[in-house]
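Coordinates in review
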Amino acid sequence: MLAEGATAERLYREAIERLSRIHTRGSQTLARAYLLYGEWLRRQHRRVDAREQLRVAHAMLGDMCAEAFAERARRELQATGETVRKRTAQALDELTPQEAQVARLAAGGQTNPEIGAHLFLSSRTVEWHLGKVFGKLGISSRKELSSALPDIANGVSA
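Residues numbered from 1 in each chain as written. Predicted model: local features only at pLDDT ≥ 70, side-chain atom pairs only at ≥ 80, totals over all residues. Heavy atoms only, no water.

**Thoughts on helix 3 (residues 47–63)**
Selection rule: Numbering of helices and strands runs from the N terminus; a helix is a DSSP stretch of H or I covering at least four residues, while a strand is a stretch of E covering at least two. Expected span of a helix, by definition, is 1.5 Å for each gap between consecutive residues, and there is one gap fewer than residues. Exposure categories follow from relative accessible area, calculated using a 1.4 Å probe and restricted to protein chains: below 20% of the type maximum is buried, above 50% is exposed, and the middle band is partly exposed. Any two residues having at least one pair of non-hydrogen atoms within 4.5 Å are treated as being in contact.
Helix length check: helix 3 (17 residues) gives 24 Å between terminal C-alpha atoms against 24 Å at 1.5 Å per residue, within 8%. For helix 3, every residue scored as buried is listed here: Ala-50, Arg-51, Gln-53, Leu-54, Ala-57, Met-60 and Leu-61. Buried residues along helix 3 sit against helix 1 (5–22), helix 2 (28–43) and helix 4 (67–79). Once helix 3 ends, the next one or two residues include Cys-65, with phi positive near 60 degrees.

Here you go:
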């Protein structure tokens, strides 16, 4: 991570190759190596090369529910100009009943304290549930809830 230029690239590639030999595709260490290499490539203004690494990282991290790292990979992909496919109503099946209910109320315009009062939860717990919902749906704000899950916005719950 401290090397520069061609040396850095050689070391990133070597790390991925070595980790691929000792870890399975479900390895968070391997996925993070792809992420770091993709980030480095983007900083080198090699957007097309970065996308390839970041797509792999995003898919692997998403599959293993490493939501914070998957979100980081998604943001990096967007920074390269890639349109990252958002999850659709199929993601409704992935939400817990509590997450679906919180999402429905948030999509309906209620604030965290209002949702908390309605569900007998603290505002912080509501915020935590929304963070999980955003990660599962591949969105980053309440404004995107309605379009990400139209069924929830229309009052249909899981």
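**Describing the pattern of salt bridges**
Close approach of charged atoms lets side chains of opposite charge pair. Put simply, the rule is: Salt bridge, as used here, is a side-chain nitrogen of Lys or Arg placed within 4 Å of a carboxyl oxygen of Asp or Glu.
The full count for this structure, using the stated rule, is 14 salt bridges. In this structure, Arg-18 engages Glu-14 in a salt bridge whose closest nitrogen and oxygen atoms are separated by 2.9 Å. Here Arg-18 pairs with Glu-14, and both are found in helix 1, just four residues apart, close to one helical turn. We classify Glu-14 as partly exposed; its relative accessible area is 27%. Arg-42 is paired through a salt bridge with Glu-76; the nearest N and O atoms lie 2.5 Å apart.

**Considering unusual backbone geometry**
If you check the backbone angles, Cys-65 has positive phi at about 60 degrees while not being a glycine. Along the chain, the position of Cys-65 falls in the loop between helix 3 and helix 4. The phi angle at Phe-120 is positive, at roughly 60 degrees, despite the residue not being glycine. Within the element layout of this structure, Phe-120 appears in the loop between helix 6 (112–119) and helix 7 (123–137). Classification of Phe-120 by relative accessible area gives exposed; the value is 76%.

**Quick look at the packing of aromatic side chains**
When we look at a pair of aromatic rings, we describe it by the centre distance and by the angle of the planes. Cut-off, in case you're wondering: Centres within 6.5 Å make a pair out of two Phe, Tyr or Trp rings, where for Trp the six-membered ring is used; the pair is then stacked when the planes are under 30 degrees apart, edge-to-face when over 60, and tilted otherwise.
Tallied over the full model, the rule gives three aromatic pairs. Between Tyr-12 and Trp-40 the ring centres are 5.6 Å apart and the planes differ by 40 degrees, which places this aromatic pair in the tilted class. Linking Tyr-12 in helix 1 with Trp-40 in helix 2, this pair joins segments that are 28 residues apart in sequence. Judged on exposure class, the residue Tyr-12 and its partner Trp-40 are both buried. Ring geometry for Tyr-37 and Trp-40: centres 6.3 Å apart, planes at 20 degrees, overall stacked. Taken together, the residues span about one helical turn, with Tyr-37 and Trp-40 both in helix 2 at a distance of three residues. Comparing Tyr-37 with Trp-40 shows no difference in burial state: the two are buried. Within the aromatic cluster, the residues linked to one another by ring pairs are Tyr-12, Tyr-37 and Trp-40.

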